[in-house]
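Structural features, examined
Here are the chains, one letter per residue:
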Amino acid sequence: MKESLYTTSSLAMVRSASRFEGRVAIVDRHGAHPYGDLLGASARVADALLGERPDLLEEPVAFMVQPGVDYASVLWGIWRAGGIAVPLCQEHPGPELEHMVRDSGARRVVCDALFGETLGTAVEAAGARFLPTKEAKRGDAARRRRLPDVEPFRRALILYTSGSTGRPKGVVSTHGSLTAQIETLVEAWGWTAEDRILHVLPLHHTHGIVNALLCALWSGATCEMLPRFDPAVVWERLSSGDVSVFMAVPTIYVKLIAGWEDTRASERATLSRGARDLRLMVSGSAALPTHAFEKWLEITGHELLERYGMTEIGMAISNPLDGERRPGYVGVPLPGVSVRLVDEEGGRITEEGEPGRIQVRGPGLFLEYWKRLEETRAAYQDAWFDTGDEAAVEGGYYRILGRTSVDIIKTGGYKVSALEIENVLRGHPAISDCAVVGVPDPEWGERVCVAVVPAAADEREPGELLEELKAWTEERLASYKVPRDLRPVVELPRNAMGKVTKPEVQQMFVSKGRADADG
Ligand code: MCA
Ligand code: AMP
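Just so it is clear, the structure is predicted and the values come from calculations on it, not from any experiment. (Residues numbered from 1 in each chain as written. Chains lettered and ligands numbered in written order. Predicted model: local features only at pLDDT ≥ 70, side-chain atom pairs only at ≥ 80, totals over all residues. Heavy atoms only, no water.)

**Here's the deal with the overall build of the protein**
Our working rule: A run of H or I in DSSP becomes a helix once it reaches four residues, and a run of E becomes a strand once it reaches two; helices and strands are each numbered from the N terminus. Exposure classes here rest on a 1.4 Å probe applied to the protein chains alone. A residue is buried below 20% of its type maximum, exposed above 50%, and partly exposed in between. Here a residue-residue contact requires only that any non-hydrogen atoms of the pair lie within 4.5 Å. We get accessible surface area from the Shrake-Rupley algorithm with a probe of 1.4 Å; when it comes to residues, only the shown protein chains can shield them. By the counting rule applied here, Lys and Arg register as positive and Asp and Glu as negative, while His and the ends of each chain are not counted. Here the site of a charge means NZ on Lys, CZ on Arg, CG on Asp, or CD on Glu.
The number of helices and strands found in the protein is 16 helices and 26 strands. Here the C-alpha coordinates of the protein stretch approximately 70 × 55 × 50 Å along the principal axes. Taking all 519 residues of the protein together, 58% fall into the buried category. Restricting to contacts in the protein with at least 6 residues of sequence separation, those with at least 24 account for 67%. Entry remark: accessible area of the protein is about 21400 Å², with carbon and sulfur atoms responsible for 50%. Of note, the protein has its 60 positive side-chain charges centred 5 Å away from the centre of its 74 negative side-chain charges.

**Digging into the site of ligand 1**
The line we're drawing: For this description, a residue counts as near a given molecule or strand if any of its non-hydrogen atoms is within 4 Å of it. The definition of a polar contact used here is a pair of N or O atoms within 3.5 Å, where within protein one atom must be able to donate a hydrogen and the other to accept one, and adjacent residues in sequence count solely through side-chain atom pairs. Residues are grouped as follows: Ala, Val, Leu, Ile, Met, Phe, Trp, Tyr, Cys and Pro are nonpolar; Asp, Glu, Lys and Arg are charged; all remaining types, including Gly, are polar.
Not every one of the 24 residues close to ligand 1 is listed here, only the nearest: Ser 285, Arg 307, Thr 411, Gly 412 and Arg 484. In this structure, an oxygen atom belonging to ligand 1 sits 2.7 Å away from a side-chain N or O atom of Arg 307. In the complex, the protein chains occlude 73% of the 1100 Å² of accessible area that ligand 1 would expose alone. For the shell around ligand 1, the secondary structure elements donating two or more residues are α8 (206-219), α10 (250-262), β13 (305-310) and β22 (408-411). Here the shell around ligand 1 is built from residues that sort into nine nonpolar, ten polar and five charged.

**Structural notes on the site of ligand 2**
As a structural note, the neighbourhood of ligand 2 is formed by 15 residues, with Glu 306, Arg 307, Thr 311, Asp 389 and Lys 410 the closest of them. One of the side-chain nitrogen or oxygen atoms of Thr 311 is found 2.6 Å away from an oxygen atom of ligand 2. Between Asp 389 and ligand 2, the recorded distance is 2.5 Å, taken from a side-chain N or O atom to an oxygen atom. Burial of ligand 2 by the protein chains amounts to 92% of its free accessible area of 500 Å². For the shell around ligand 2, the element with the most residues is β13, which contributes five residues. Considered class by class, the residues forming the shell around ligand 2 number six nonpolar, four polar and five charged.

**A closer look at the packing of aromatic side chains**
The following threshold applies: Each Phe, Tyr or Trp ring, with Trp reduced to its six-membered ring, pairs with another whose centre is within 6.5 Å; inter-plane angles below 30 degrees give stacked pairs, above 60 give edge-to-face pairs, and intermediate values give tilted ones.
Here the structure, examined in full by the defined rule, presents ten aromatic pairs. Each ring, one from Phe 20 and one from Tyr 35, has its centre 5.8 Å from the other, and the planes form 50 degrees; the classification is tilted. In this pair, Phe 20 sits in the loop between α1 (12-17) and β1 (24-28) while Tyr 35 sits in helix α2 (residues 35-50), placing the two residues 15 residues apart along the sequence. Taken together, the ring pairs connect Trp 235, Phe 246, Tyr 253 and Trp 296 into an aromatic cluster.

**As for the confidence of the model for the protein**
Worth spelling out the cut-off: As a per-residue quantity, pLDDT reports the predictor's confidence and falls between 0 and 100.
Of the residues in the protein, 97% have a pLDDT of 70 or more, and the chain-wide mean is 94. For the stretch residues 515-519, pLDDT sits under 50, and the model shows zero contacts to residues farther than four places along the chain or on other chains.

**Quick word on the pattern of salt bridges**
Two side chains carrying opposite charge are able to pair once their charged atoms lie near each other. The test is simple: Criterion for a salt bridge: a side-chain nitrogen of Lys or Arg within 4 Å of a carboxyl oxygen of Asp or Glu.
For the structure on display, the rule yields 46 salt bridges. Each member of the salt-bridge network shares a partner with another, and the members are Asp 407, Glu 422, Arg 426, Asp 433, Arg 494 and Lys 502.

**Quick word on the sheet that holds strand β25 (residues 445-454)**
Defined as follows: At least two DSSP bridges between two strands are required for those strands to pair. Angles run from 0 to 180 degrees between N-to-C directions of axes, and those axes are lines fitted to C-alpha atoms, restricted for helices to the stretch in contact.
Strand order in the open sheet made by the three strands is β24-β25-β26, with mixed pairing throughout. Single-partner strands in this sheet number two, and they are β24 (431-441) and β26 (485-488). Each strand of the sheet is rotated relative to its neighbour by a mean of 25 degrees, with strand direction disregarded. Where β24 and β25 come together, ten bridges link them in antiparallel fashion. Following the sheet pairing, Val 437 is matched in β25 by Cys 449. Each of β24 and β25 is contacted by helix α14 (residues 418-425), which is oriented at about 145 degrees to β24, the strand it contacts most. In the packing of helix α15 (residues 462-476) onto the sheet, the strands contacted are β24, β25 and β26, and the crossing angle to β26 comes to about 130 degrees.

**Section: the environment of Val 110**
Turning to its location among the elements, Val 110 is positioned in strand β5 (residues 108-111). By relative accessible area, Val 110 is classed as buried at 0%. In the structure, Val 110 is positioned 45 residues away from Val 65 in sequence and 7.5 Å away in space, judged by C-alpha atoms. Setting aside residues up to four positions removed in sequence, Val 110 forms contacts with Leu 49, Val 61, Ala 62, Phe 63, Met 64, Val 65, Val 74, Leu 131, Thr 133 and Ala 136.

**Here we look at helix α5 (residues 116-125)**
Note: α-helices contain 3.6 residues per turn, so residues at a spacing of three or four share the same orientation. Within α5, the full set of buried residues consists of Leu 119, Gly 120, Ala 122 and Val 123. Looking at the buried positions of α5, the neighbouring elements they touch are β3 (60-64), α4 (94-104), β5 and β6 (129-132). Among the residues trailing α5, Gly 127 stands out with phi positive, at a value near 75 degrees.

**Some remarks on the pairing of β25**
As a reminder, the rule being used: Throughout, right-handed denotes a crossover for which the path from the first strand over the helix to the second runs clockwise when the strands point away from the viewer.
Most of β25 sits out of view: seven of its ten residues are buried. The antiparallel hairpin formed by β24 and β25 contains three residues in its connecting segment. Relative to β26, β25 is paired through four bridges, and the arrangement is parallel. Residue pairing in the sheet places Val 450 in a bridge with Leu 486 of β26. Where the polypeptide runs from β25 across α15 and back to β26, its parallel neighbour, the crossover connection is right-handed.

**Considering the nonpolar core**
How we decide: Side-chain atoms within 4.5 Å are what join buried Ala, Val, Leu, Ile, Met, Phe, Trp, Tyr and Cys residues into a set we call a nonpolar core.
Counting 116 residues, the largest nonpolar core has Leu 75, Trp 76, Trp 79, Trp 191, Leu 214 and Phe 246 as the members making the most contacts within it. Considering each element in turn, this core owes the most residues, nine residues, to α8. Leave out the neighbours within four places in its chain, and Trp 79 touches Leu 11, Met 13, Ala 85, Val 150, Ala 156, Leu 157, His 175, Leu 178 and Leu 214. One finds Tyr 414, Val 450, Val 452 and Ala 478 within the second-largest nonpolar core, a separate group that totals 22 residues.

**Looking at α15**
Condition: Helices are assigned an expected span. That span is 1.5 Å times one less than the residue count. What the arc describes is the spread of directions from the helix axis to the C-beta atoms.
Counted at 1.5 Å a residue, the expected span for α15 with its 15 residues is 21 Å, and the 21 Å between its end C-alpha atoms agrees. Leu 465, Leu 466, Leu 469, Trp 472 and Thr 473 are the residues of α15 that are buried. Down the axis of α15, the buried side of the element spans an arc of 130 degrees, and every buried residue falls inside it. Residues of α15 that are buried in the fold lie against α14, β24, β25 and β26.

Structural data, given as structure tokens:
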């Protein structure tokens, strides 16, 4: 393709892609799509979004598009038109989607036809309108002389993430911070145009968007996108010999191990042999249990490369591509990222071996929490972003020890807020009070559990109450926020200040689990 409107851009990502026009960018259920097609489609989406305007000037545009070339075309189309992309998750229920559309201020939602019903009420309630993906792709970029200049300091992406309080907040990244996050990973993990990643992660979080999709596109590699995670399909693709890179959360590796164990002994060797040929397998978003590291090594011959990151900072710490990958450790700071550990008051840098809170600085950091100036300020100490995670450095490697807030839970790699779930549960008439906790779980990392003080008149059995609360929560929150276990209590354990003592609530579930296991 000659240099044209389709390939020229102020966006580093688009400029980079124009070097790979003939190569395959994305493989999805419709087939293989070259970079040239992605560039063309994203220019058309940009034109459709712009209409007669020269520049969207950071207008937030939400979108719900299936994994595949359309997803990437819409994401890039929003960027090329000068807008801010707000990806929505197809599995979220109406109220969660409405919050994101309303909070972001998106007035337009690009949406695949099949999601129209899921999104309908939310879009209407938020006062936005639909632009079907099909229509967006029919823009006529040929009539334009140029697309707007989009400088690196401009806002690019809003990702919704749970904090310890309230509803999910929008984390805003700029084009410059995304580029910095990508460049760091491409360098550290040795991405090249010869790579092909198997992509199974959700496309509304950093792990799936930046680490997997955008790093591949930046490098001229191929991103093979599956509609969702399915252990049998993933094993088939990993053992095909086509794939060189795989990234997932620990729960996915645990499920793949279970899938391998369920396979007939005669077929296991074929799966293992195929997977051995990959160049790189990464785990992140939650702690990788040492037994999963060891088992994966035994099955595939791969030492999983574990790394640590957060929506607000991108990736910060990683085990090396070449060199020792230490199980139970997340490695060393990535190129260009500064990391320090501070004591409880934040006044002192801790010594080697001493626990401290992780603070991070670097060009990949987010710009702000969308429309939340105070919370943005509170998240920083000087220019250092305070992650709220605790770690210690041992023998030069970082080990994650946990979080300072008991109200943040990581389940299946998703971060959820106990307080947000409690607020929803308290709206149920059968509940007088409740406390939500994360309980360690070998498959999910943590499981969402709830201790409930039933309303005086309520005589339901715990099992019946749990089922009702699950249905109640599922209608209002993402499915990974649904409580999986329940204990009825007469009152919640509290300290002298009247605050619920969550470690005691966690203990109710841990001891019950042990008693069950002991028979
Ligand atoms: C689903 N189930 C659960 C949970 N989720 N049970 C307990 N805890 C959970 N969290 C149950 C369902 O109710 C259902 O039960 C059964 O499991 C299968 O549900 P399904 O939704 O089909 O599960 P799945 O498709 O197997 O999903 C598991 C998953 C998914 C693939 C691990 O959770 C996932 O994609 N997680 C990745 C999240 C992620 O990308 N996080 C990155 C954000 P039943 O069968 O009884 O109906 S963090 C990030 O971006 C930062 C920057 C970073 O560091 O990476
Ligand atoms: P999120 O806010 O969804 O971006 O999740 C970021 C959080 O995931 C971090 O603050 C950590 O608590 C957790 N996390 C990410 N990677 C790891 C890891 N390798 N080990 C332990 N926790 C992790």
